[in-house]
Amino acid sequence: MHESALMDLIINPEVVPHYVSYAFLASIILIAVSIIIRGSIKLVPKGTQNVFEVIVEAMLNLAEENIGHHWGRTFFPLIATIFMYILLCNFMGLVPGFASPTSNLNMTASMAVPVFFATHVYGIRVHKLGYIKHFLGPMRSLAALPLMILMFFVEVIGHLARPVTLSVRLFGNMIAKHIILIVLGILTPIIVPTAILILGVLVGLVQAFVFALLATLYLAGAVEEAH
Amino acid sequence: MSEAEDKSLFRQLLRASTVGLDLVIYTFVGLAIGYFLDKFFGTKPWLTLIFLILGIVAGFRNLIRMAKDDDSKKTL
């Protein structure tokens, strides 16, 4: 699949594929905007600072309500970064001349795998060896040992499937929107693809939020006490 | 409906929207683990079957746990 994009002027897409160059562009945009806002921060927010305060506050609320005050603050940077980055990547696919990096499975997996590792690193750091209790199901007795072994395998499959579901969901939604746009662009006049573009804005926002929400819930499950 | 309830409902809707894909992928992850273990140990078809069933169990366990989880308590 070869499409022309604005980044082709700077970077040869044969060497560096679109999803890599636009992923870097997204991070450069985020860093630049953050530095600009940081330089002109005011008590009464205005314009761009207002938008970012709304996003950051929503993410802080999400983290603190689901994880708790102490660990919520610890995980907030990871969750908020992932949300803003995915949101920007999703919306980049809607702008002509730009490609959306999240419509490639490598890109989404590169965000889901760190969440997977963060979950287990913090789980082990908080509970030490007691972290294994998270994998043994609700029953604790010698008679229930076969059931505990069974639950261990079930839980391990569940944990291994998490990064797969996270990455495939985001990738599937973005590539589906992309393909629908291409097909309808060939088949129909201008009104129908526009309607899909509006839907694309909604899908991009919802999928970014779902990714952040699930990452929050997974991290919350790792640091809370085993039940 | 209050604003807090509204927010909780929105989050639960988003979580519910993930169930369909989760159920399928849990099954396939179980199948894949079984398939590769079978290749490694040379015990075709047994581990594939066992882990396929375990994957289906894991998918439904995830579904049931999500349905039982009371999200309304967590939201202020």
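Residues numbered from 1 in each chain as written. Chains lettered and ligands numbered in written order. Predicted model: local features only at pLDDT ≥ 70, side-chain atom pairs only at ≥ 80, totals over all residues. Heavy atoms only, no water.

### As for the packing of aromatic side chains
In this structure the tally under the stated criterion is 13 aromatic pairs over all chains. Centroid distance Phe 83 of chain A to Phe 209 of chain A: 6.1 Å. Interplanar angle 90°. Geometry classified as edge-to-face. Of the two residues, Phe 83 of chain A sits in helix H3 (residues 69-92) while Phe 209 of chain A sits in helix H6 (residues 191-223), which places them 126 residues apart along the sequence. Of the two residues examined, Phe 83 of chain A and Phe 209 of chain A, each falls in the buried class. Ring pairs connect the aromatic residues Tyr 131, Phe 135, Phe 152 and Phe 153 of chain A together with Phe 51 of chain B, which therefore count as one cluster. Positioned above the aromatic ring of Tyr 122 of chain A, the side-chain terminus of Arg 125 of chain A is 5.2 Å from the ring centre. (Phe/Tyr/Trp six-rings, centres within 6.5 Å; stacked < 30°, edge-to-face > 60°. Helix = DSSP H or I, 4+ residues; strand = E, 2+ residues; numbered from the N terminus. Buried < 20%, exposed > 50% of the residue type's maximum accessible area, 1.4 Å probe, protein only. Lys NZ or Arg CZ within 6 Å of the ring centre and 35° of its normal.)

### Concerning the nonpolar core
Counting residues in each nonpolar core, the largest one holds 50 residues, and the members touching the most others are Met 59, Ile 79, Phe 83, Tyr 85 and Phe 211 of chain A. Residue assignment for this core shows that the elements contributing at least two residues are helix H1 (18-39), helix H2 (48-67), H3, helix H4 (105-127), helix H5 (145-187) and H6 of chain A. Tallying contributions element by element places H6 of chain A first for this core, with 13 residues. In contact with Phe 211 of chain A, not counting residues within four places along its chain, are Ile 82, Ile 86, Met 111, Ala 112, Val 115, Leu 166 and Leu 170 of chain A. Counting nine residues, the second largest nonpolar core, distinct from the first, contains Ile 157 and Ala 161 of chain A together with Ile 25 and Tyr 26 of chain B. (Core = buried A, V, L, I, M, F, W, Y, C linked by side-chain atoms within 4.5 Å. Contact = heavy atoms within 4.5 Å.)

### Comments concerning the interface of chain B and chain A
If you look at the interface, chain B gives 24 residues, while chain A gives 24 residues. A combined buried area of about 2,200 Å² lies between chain B and chain A, and 71% of that area is made up of carbon and sulfur atoms. Across the chain B-chain A interface, the total number found is four salt bridges. The partner of Glu 155 of chain A in a salt bridge is Arg 65 of chain B, with the nearest N and O atoms 3.5 Å apart. Counting only elements with at least two residues in the side of chain B that touches chain A, the list comes to helix H1 (3-17), helix H2 (19-41) and helix H3 (46-68) of chain B. Residue classes in the side of chain B that touches chain A are distributed as twelve nonpolar, four polar and eight charged. (Buried area = accessible area lost by both parts, 1.4 Å probe. Salt bridge = Lys/Arg side-chain N within 4 Å of Asp/Glu carboxyl O. Nonpolar A, V, L, I, M, F, W, Y, C, P; charged D, E, K, R; others polar.)

### Remarks on the packing of H2 of chain A against H3 of chain A
Residue and element names in this part refer to chain A. Their axes nearest at 8 Å, the elements H2 and H3 cross at an angle of 135°. Taken as axis vectors, H2 and H3 run oblique relative to one another. For the pair H2 and H3, the sense of crossing is right-handed. Touching Phe 52, Ile 55, Val 56, Met 59, Leu 60, Leu 62, Ala 63, Glu 64 and Ile 67 of H2 are His 69, Trp 71, Gly 72, Arg 73, Phe 75, Phe 76, Ile 79, Ala 80, Phe 83 and Met 84, all from H3. (Axes fitted to C-alpha atoms, helices over the stretch in contact; angles between N-to-C directions. Parallel < 35°, antiparallel > 145°, perpendicular 65-115°, else oblique. Left-handed = near helix turned anticlockwise from the far one by under 90°.)

### Considering H5 of chain A
For H5 of chain A, spanning 43 residues, the distance from its first C-alpha to its last is 61 Å, which sits close to the expected 63 Å at 1.5 Å a residue. Remark: the principal bend of H5 of chain A, roughly 30°, maps to Ala 161 of chain A, with a proline, Pro 163 of chain A, within the next four residues. (Expected span 1.5 Å × (residues − 1). Bend = angle between axes of the 7 residues up to and from the residue.)

### Structural notes on unusual backbone geometry
You will see that Lys 128 of chain A, though not glycine, has its phi angle at about 55°, which is positive. Note on Lys 128 of chain A: relative accessible area 58%, which makes it exposed.

### Details of the pattern of salt bridges
One pass over the structure, following the stated rule, counts five salt bridges over all chains. We note a salt bridge from Glu 64 of chain A to Arg 73 of chain A, for which the minimum N-O separation is 2.9 Å. For Glu 64 of chain A, a relative accessible area of 21% puts it in the partly exposed group. Across the pair Arg 169 of chain A and Asp 22 of chain B runs a salt bridge, and its minimum N-O distance is 2.9 Å. Here the residue Arg 169 of chain A occupies a position in helix H5, and Asp 22 of chain B occupies one in helix H2, the pair thus bridging two chains.

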